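What the coordinates show
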Amino acid sequence: MSEALIRLEGIEFSYPPDREVLAGVDFALSPGERVGLVGPNGCGKTTLLHIMVGLLKPTAGTLGAFGKPRREEADFHEVRRRAGLVFQDGDDQLFCPTVIEDVAFGPLNLDKSPREARAVATETLRLVGLEGFEERITYKLSGGEKRLVSLATILAMKPDVLLLDEPTGALDEASKQRVGEVLRGLPQAMIIVSHERGFLEPLTTRILGMSGGKLVANSQSPIAARSISR
Amino acid sequence: MIIFGTLGRSFIGRIDPRVRVLAAVLFSIVVVLCRGYGVLATALAATVLLAVVARVGAGQALRRLTELNVFMLLVAVSLPLFIPGTPVFHIGALSWSSEGLWRAGLIAARANAIMIAMTALLATMEPAHLGFALSHLGCPDKLVHVLLFMVRYVEVVHVEYHRLRDAMRLRGFRPRFNRHTLRSLGYLTGMLLVRSLERGERIMQAMKCRGFRGRFYVLDPLKICGRDVGFAAASAALAAFLVWMEWQ
Ligand SMILES: Nc1ncnc2c1ncn2[C@@H]1O[C@H](COP(=O)(O)OP(=O)(O)O)[C@@H](O)[C@H]1O
Ligand SMILES: [Mg+2]
């Protein structure tokens, strides 16, 4: 498994009955790397992230993470803690009434005491620039705030890798910039799915495209290029 | 559309949720079993007092009670028709008995007392605390989860419904009594169900990613203190008093 944090070899995946989405994905995420992932809607970016944390099981291929092969559901408990997935829609991620409870949910699941969990949550909110949001009601936040709180809920678990599914989707320019700034300040290795090359370029160390169910380097594939130009 | 809300930190608001749930259950059982008018009047008076102490907003209370009493009105109109007794008045072959009217009054008094008590004791509670209290009192975890998620996602589904509904309106949809209307409303309902189901799945996945193992923890651990014991004793005394009145 060498140095890579996450390694995929020949990963294939189809949704039942026969919607083939991934057709042999090879990929490795090295420590400190920030990989941008572009591609048209429906090409399988979300599916790929979900496979990495074991929410979906590949139909073929091998997956390794943090130095071990990962196959069974039990293998993925550790992966999910160490590779934090931020969902595309904040309403899927945030389910507690108040912001502080939601950010503390992960730490509490990791057997932190309520006092420690609250401290970690407060600290993480400060990190994403949301001090004073502790008692706000999650479903009444703006889109940009929801995205930052979602990010905080994951950061509170102190992951080694961040998997971000369209962190700028449906955000205005100011919110996008804020998300970008917060991400730039984080030390973790990342995979960032986005449609916006302008957002990815200053943030990432390389950009991959997705086409025909495979990852393509440099995103020079015509499909990826088209989606970027929008 | 918020079902629960904290109504400031009133005296009731600081009582342990478990004690409040137990008091509400005990009170409801006693009220359902009592049949004396004096007893029910006392119970009603006690709940109104409780609501004042819990600082339940007049608007919130009135809205709930109006909904309830519209239904009670139906009971008052229909029940006396089926309970034989001294007729009070009649229209043609339909006659309303005084026994039926009294019975309807009893039901209305019970329902109002329980509704006010629930509003004062439970609606003043954070949903997470209600869930925590219920699961500590032996309520199955599945039921508790259903309750908590309903509270959180009723709003999201509501918004989704309005989005779909508005999208239909923007394309000129007017409900009429025809097949097209029925089919469209069917699609709307179906789509809402499918979306809710998918959302449920995504929420579950997002929770798994954060280490969820089927148990909820709360940030503010609850401790029974003197105030809670006092409130529990007062509730038990009230229940005992009502039962004593009933047996007189
Ligand atoms: N639950 C599902 N069942 C069947 N097909 C699905 C399901 N989820 C996604 N798909 C299909 O898989 C393809 C890839 O989806 P997704 O990974 O969400 O794409 P992306 O995130 O790149 O937009 C899409 O064509 C979508 O229609
Ligand atoms: Mg996607």
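Keep in mind it's a predicted model, so treat the numbers as computed, not measured.

Some thoughts on the overall build of chain B
Scanning chain B from terminus to terminus reveals eight helices and two strands. Tracing chain B from N to C terminus, the helices and strands come up as α-α-α-β-β-α-α-α-α-α. Computed over its C-alpha atoms, the radius of gyration of chain B comes to 23 Å, more than 25% above the 18 Å expected for a compact globule of 248 residues. Viewed in the frame of its principal axes, chain B has a C-alpha envelope of about 60 × 60 × 30 Å. For chain B, with 248 residues in total, the buried portion stands at 38%. Contacts in chain B between residues far apart in sequence, at least 24 positions, make up 75% of those at least 6 positions apart. For chain B, the computed accessible surface area is about 14500 Å², with 70% contributed by carbon and sulfur atoms. Side-chain charges of chain B comprise 29 positive and 13 negative groups, with the mean position of each set lying 5 Å from the other.

Focus: the coordination of the magnesium ion (ligand 2)
Residues and elements named next belong to chain A. Looking at the magnesium ion (ligand 2), one finds its protein donor set to be Thr-46 (OG1) and Gln-88 (OE1), positioned 2.0 to 2.8 Å from the metal centre. In this pair, Thr-46 is assigned in helix α1 (residues 45-52) and Gln-88 in the loop between β6 (83-86) and α3 (90-93), connecting sequence segments 42 residues apart. With relative accessibility at 28%, the residue Thr-46 sits in the partly exposed group.

Here we look at the site of ligand 1
Residue and element names in this part refer to chain A. Neighbouring ligand 1 are Tyr-15, Arg-19, Val-21, Pro-40, Asn-41, Gly-42, Cys-43, Gly-44, Lys-45, Thr-46 and Thr-47. Gly-42 has a polar backbone atom sitting 2.7 Å from an oxygen atom of ligand 1. Protein chains shield 63% of the accessible area of ligand 1, which is 560 Å² for the free molecule. Elements that contribute at least two residues to the shell around ligand 1 include exactly β2 (19-29) and α1. The dominant element in the shell around ligand 1, judged by the number of residues it contributes, is α1, at three residues. Split into classes, the residues belonging to the shell around ligand 1 amount to four nonpolar, five polar and two charged.

A few points about the confidence of the model for chain A
Residues at a pLDDT of 70 or more form 93% of chain A, whose mean pLDDT is 89. Segment residues 219-230 of chain A: pLDDT under 50, and 20 contacts once partners within four positions in sequence are set aside and those in other chains are kept.

Cut-offs and rules
Residues numbered from 1 in each chain as written. Chains lettered and ligands numbered in written order. Predicted model: local features only at pLDDT ≥ 70, side-chain atom pairs only at ≥ 80, totals over all residues. Heavy atoms only, no water. Helix = DSSP H or I, 4+ residues; strand = E, 2+ residues; numbered from the N terminus. Rg over C-alpha atoms; globule rule 2.2 N^0.38 Å. Buried < 20%, exposed > 50% of the residue type's maximum accessible area, 1.4 Å probe, protein only. Contact = heavy atoms within 4.5 Å. Areas by Shrake-Rupley, 256 points an atom, 1.4 Å probe, with all protein chains shown as cover. Lys, Arg positive; Asp, Glu negative; His and termini not counted. Charge placed at Lys NZ, Arg CZ, Asp CG, Glu CD. Donors = N, O, S within 2.8 Å, 3.2 Å for Na, K, Ca; no water. Near = heavy atom within 4 Å. Polar contact = N/O pair within 3.5 Å; in protein donor to acceptor, adjacent residues only side chain to side chain. Nonpolar A, V, L, I, M, F, W, Y, C, P; charged D, E, K, R; others polar. pLDDT = per-residue confidence, 0-100.

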